[in-house]
Amino acid sequence: MKYILVCGGAGYIGSHCVEELLKKKYNVVVFDNLVYGHREFVEDIPFFEGDLNDIDSIRNCFKKYNIESVMHFSAFAYVGESVIDPQKYYFNNVVNTLNLLKVMNEFNVKEFIFSSTCATYGNPQFIPMNEKHGQNPVNPYGKTKFFVENILKDYEKSYGIKHIIFRYFNAAGASLTKNIGEWHNPETHLIPLVLDAASGKRKNITIFGDDYNTADGTCIRDYIHVIDIAHAHILGLEYLKKTGDSDFFNIGSEKGFSVQEIISKCEEITGNKIERIIGQRREGDPDILIADSSKIKKVLKWKPRFSDIHTVIESAWKWQSKLNLLIKN
Ligand code: UFG
């Protein structure tokens, strides 16, 4: 039996990709160290608790399961933390990825799907951003992803590992069917924090700056539903299997919402008033980030099905109620 190995499959985006893979009847093994992942997110499929910093644990997993392709979601992704402690990011996101690729070489596994980020572009030179936008990451997190993207080009040339790279914009929302969703500790992302303010778990939400060059002065982002991201991964995997061509794609909804607009939408969907506090700018936040996703639409025939902002927030809200129960019990 051949397996798709999902590294980080107990995490937020990884677990949604597992859900989509299972719908497509792939055999899946989840590899996760459970530092940020949740064992509860992996149901009824093989789970291998291991760490990518321990190359023997990766080898043991490859020995145990006949792996045909790898999806790699395991990474640290707190931009602010990456500035304070870059070493943590370079080791976890780059060195550990090299371990994984090394074992792939040892076991002759040639298909790799990699989670990258719009943070590899750095400060936007034009909006919407397509894949031709120069890559000039401005923080260590973005650099780790940029470095791995480049490593993958060399590994393809020398070792024949084919890859698909996805550059996510702002992942948001939650599964409509399974008990999985965003569950970070600490949580730093806007939508879950705003919803916590709506449910009374937090008193208010601080808006990081209202003097940006946008209509209401708050930052604009492109929120893409995690199910649409997961679906792109299936299409990417199938494309790689069919054509053997490596490629890289943005995944974004191509629509932008300001922080103020997101809070208003959350008020509308939850029916609760949310107290807004205007705070300082957060370092490194560009005014606007919006994807041009025409390449993935054209090449992979992907289209976002759940990324209207209402569905994104409503699904996140439903998930948060479940999560609050889960945490209480
Ligand atoms: N924001 C607030 N208050 C908060 C939290 C966020 O005003 O309490 C604002 C941020 O300043 C930003 C927007 O809400 O303008 C979205 O912030 P998030 O933290 O939700 O998401 P980011 O845009 O910072 O981060 C995302 C991914 C990163 C990726 C980055 C690329 O989570 O992994 O996009 O820019 F690197």
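Keep in mind that this is a model prediction, so the values were computed, not measured. (Residues numbered from 1 in each chain as written. Predicted model: local features only at pLDDT ≥ 70, side-chain atom pairs only at ≥ 80, totals over all residues. Heavy atoms only, no water.)

> Describe in detail the packing of aromatic side chains, supporting the description with residues and values.
In this structure the tally under the stated criterion is 13 aromatic pairs. When the ring of Phe 146 is compared with that of Phe 147, the centres are 6.2 Å apart and the planes differ by 45°; the resulting orientation is tilted. Taken together, Tyr 36, Phe 76, Tyr 78 and Tyr 89 form an aromatic cluster joined through their ring pairs. A cation over a ring is seen here: Arg 281 above Tyr 212, with NZ or CZ 3.8 Å from the ring centre. One cation-aromatic arrangement involves Lys 295 over Phe 248; the distance from NZ or CZ to the ring centre is 3.8 Å. (Phe/Tyr/Trp six-rings, centres within 6.5 Å; stacked < 30°, edge-to-face > 60°. Lys NZ or Arg CZ within 6 Å of the ring centre and 35° of its normal.)

> For the domain arrangement of the protein, give the residues involved together with the corresponding values.
When the domains of the protein are assigned, the result is domain 1 (2–172 + 224–251) and domain 2 (190–222 + 254–328). For domain 1 versus domain 2, the separation of C-alpha centres amounts to 24 Å. Each side of the interface is counted separately: domain 1 has 27 residues, and domain 2 has 25 residues. Around 2400 Å² of area is buried between domain 1 and domain 2 when both sides are counted, 66% of it from carbon and sulfur atoms. The largest per-residue losses of area from domain 1 upon contact with domain 2 belong to His 225, Asp 228 and Phe 249, which jointly make up 21% of the total buried on that side. On the surface where domain 1 and domain 2 come into contact, there are one salt bridge. Of the charged contacts, one joins Asp 247 and Lys 295 as a salt bridge, the two residues approaching to 2.7 Å between their closest N and O atoms. Linking domain 1 with domain 2 are twelve residue pairs in polar contact (both at pLDDT 80 or more), by the criterion used here. Broken down by secondary-structure element, the contributors of at least two residues to the side of domain 1 that touches domain 2 are β7 (170–172), β10 (223–225), α7 (226–243) and β11 (247–251). Sort the elements by how many residues they give to the side of domain 1 that touches domain 2 and α7 lands first, with seven residues. (Domains from an automatic or database assignment. Contact = heavy atoms within 4.5 Å. Buried area = accessible area lost by both parts, 1.4 Å probe. Salt bridge = Lys/Arg side-chain N within 4 Å of Asp/Glu carboxyl O. Polar contact = N/O pair within 3.5 Å; in protein donor to acceptor, adjacent residues only side chain to side chain. Helix = DSSP H or I, 4+ residues; strand = E, 2+ residues; numbered from the N terminus.)

> Quick rundown of the nonpolar core? Include the residues and the values.
Residues Ile 13, Leu 21, Phe 166 and Ile 251 are the most contacted members of the largest nonpolar core, which totals 36 residues. Looking at this core, the elements that each hand over two or more residues are β1 (2–7), α1 (12–23), β2 (28–32), β6 (162–168), α7 and β11. The biggest single contributor to this core is α7, with nine residues. When residues of this core are sorted by domain, at least three fall in each of domain 1 (2–172 + 224–251) and domain 2 (190–222 + 254–328). Cys 61, Val 109, Phe 112 and Phe 114 belong to the second largest nonpolar core, which has 28 residues in total. (Core = buried A, V, L, I, M, F, W, Y, C linked by side-chain atoms within 4.5 Å. Buried < 20%, exposed > 50% of the residue type's maximum accessible area, 1.4 Å probe, protein only.)

> I'd like a description of the site of the ligand, backed by residues and values.
Neighbouring the ligand are 22 residues, the closest being His 189, Leu 190, Thr 206, Arg 282 and Asp 285. A distance of 3.4 Å separates an oxygen atom of the ligand from a polar atom in the backbone of Thr 188. Summarising the interface, the protein chains cover 90% of the accessible area of the ligand, which totals 680 Å² for the free molecule. When residues of the shell around the ligand are traced back to their parent elements, those giving at least two are α6 (190–199) and β8 (205–208). With four residues, β8 is the single largest residue contributor to the shell around the ligand. (Near = heavy atom within 4 Å. Areas by Shrake-Rupley, 256 points an atom, 1.4 Å probe, with all protein chains shown as cover.)

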